[in-house]
Amino acid sequence: MKKAILINSLTCGGAERVVSLILKAVAEQENIELICLEKNNFYSVKDIKITYLTERCGRESGLLKLLYLPILAFKLKKYIKQEKIKLIQSHIFRANYVNILAAKFFSKHIVQVVNTIPICKYDKEGLTGKINKLLISFLYPMTDLIIVKSKAMKKELEDTFGFKNKIVILHNPYDTSYIKLSADEEVNDFEFKENTQYIVSIGRLVKQKRNIDLINALSTLPANIEAVFLGDGDKEQLLAAAEKLNVSARCHFLGKKGNPFKYMARSNLFVMCSEVEGFPNVLVEAMICGLPVISSDCISGPREILSPKSDENIIVKDEIDYAEFGVLYPVGRADLLAEAVSSLLNDRNMCQKYAEAGQSRAKDFDINIISEKYRRALNNEKDYSGK
């Protein structure tokens, strides 16, 4: 059966990284290709046919992207018929819409969609958010399979829309060997000083990631604790906040890095402050690198990763949860984040315990385990549990 994975592009992002790993893992076994809505490559895939539906780079306005959906769907439908593709698995909402619309235009392929982030993301995005939720409610019932990243995402879809079609949970895969090998590379553009403890945070410098919370927490912590931020975005606003709090010399904005793992490996602690996530790759990657991790208890992913035996409906609001594989604190509570940081950095045994526990937990998401589940899905098998 000829099949394809569809995504907006291969730009730098979590979903794009996941797609590149899935393709790498299943390419030898499956008759599969990659289709991109746009041409904006950061990740590369070897020995895989790639087709671009447009030469756009994806920087158009959200409204223009929505209006362009039927045109992309028609192009996809023509390509499906031309290449006799039987199944398309799409990743990211816009690619999902195009995938479903192509089927509505009588392409007659099997439609699988992968939700990479929670629906609640759209609650704060005004008109664009409302349109996206409307499209989800209208189009998703036409899919053959919905794949989500976490239990909380599955529950959210069922509670919000009452979908009756099949929804399965497949976590993100991680190339553990590659990450560990990359972590051993030298860092030449930043000095990790002795007698200084480093907190590393990785992700876009945007409001949703709440990087400001780490800066606020840092202002109440000892002067020998510094923060390293890896990622692009609104650095100026964060720099202004750091200057106002007199911690600008302790905040290092290094930009987007092709190999973030070598910075992780030389840090003492990983912190993620997000307001909302799908299944945060950086959290598992930090655990693979042997870092103890602290995360906001946001929807979704962090609790399922760090406290898999707990009820996914639990969200801490006024306390710190020292969970099995890492520490969870309430979203936006910089004071409790600072307390958690202080607790770990002042307790070497606790840090070591979480570093070892995290590495053990990360094995559950190894590419060899997760890619088998995706392979089964791509073959439209009934069981996705893997070996």
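Provided above is the structure to which this section pertains.
It should be emphasised that the depicted structure is a prediction, and the values quoted were computed from it without experimental measurement.

S.K.: Explain the sheet that holds strand β5 (residues 110-114) here, please?
M.R.: Strand pairing in a sheet is mediated by backbone hydrogen bonds. Such pairs are either parallel or antiparallel. With parallel pairing, the 7 strands of this open sheet are ordered in space as β3-β2-β1-β4-β5-β6-β7. Each edge of the open sheet carries a strand with a single partner, namely β3 (50-52) and β7 (167-169). Neighbour to neighbour, the strand axes of the sheet diverge by 25 degrees on average, direction disregarded. Summarising the sheet, β5 and strand β6 (residues 145-148) pair through 3 bridges and their orientation is parallel. Looking at β6, one finds that Q112 is bridged to L145. Those strands touched by helix α4 (residues 93-107) are β1 (3-7), β4 (87-91) and β5, and its axis lies near 165 degrees from that of β5. On top of the sheet, helix α6 (residues 151-161) reaches β6 and β7; it is set at about 165 degrees to β7, its chief contact.

S.K.: So what exactly am I meant to see when it comes to the sheet that holds strand β8 (residues 197-202) here?
M.R.: In spatial order, the strands read β10-β9-β8-β11-β12-β14-β13; together these 7 strands make up an open sheet with mixed pairing. The open sheet is flanked by β10 (251-255) and β13 (321-322), the only strands paired with a single partner. As paired elements, β13 and strand β14 (residues 327-329) share 2 bridges and run antiparallel to each other. Pairing of Y322 across the sheet is with V327, part of β14. Set on the sheet, helix α13 (residues 334-345) makes contact with β8, β9 (225-230), β11 (269-272), β12 (293-296), β13 and β14; between it and β11 the angle comes to about 165 degrees.

S.K.: How should helix α5 (residues 126-139) be read in this particular structure?
M.R.: Given 3.6 residues per turn, any residue in an α-helix points the same way as the ones three and four places further on. Spanning 14 residues, α5 covers 20 Å between terminal C-alpha atoms, matching the ideal 20 Å at 1.5 Å per step. Inspection of α5 places G129, N132, L135, I136 and L139 among the buried residues, and these make up the whole buried set. One side of α5 holds all its buried residues, which, seen down the axis, span an arc of 125 degrees. Residues of α5 that are exposed and angled more than 90 degrees away from the buried face: L127, K130, L134 and F138. Of the surrounding elements, those touching the buried residues of α5 are α2 (62-67), α3 (69-83), α4 and α6.

What counts and what doesn't
Residues numbered from 1 in each chain as written. Predicted model: local features only at pLDDT ≥ 70, side-chain atom pairs only at ≥ 80, totals over all residues. Heavy atoms only, no water. Pairing = 2+ DSSP bridges. Helix = DSSP H or I, 4+ residues; strand = E, 2+ residues; numbered from the N terminus. Axes fitted to C-alpha atoms, helices over the stretch in contact; angles between N-to-C directions. Contact = heavy atoms within 4.5 Å. Expected span 1.5 Å × (residues − 1). Buried < 20%, exposed > 50% of the residue type's maximum accessible area, 1.4 Å probe, protein only. Arc of directions from axis to C-beta.

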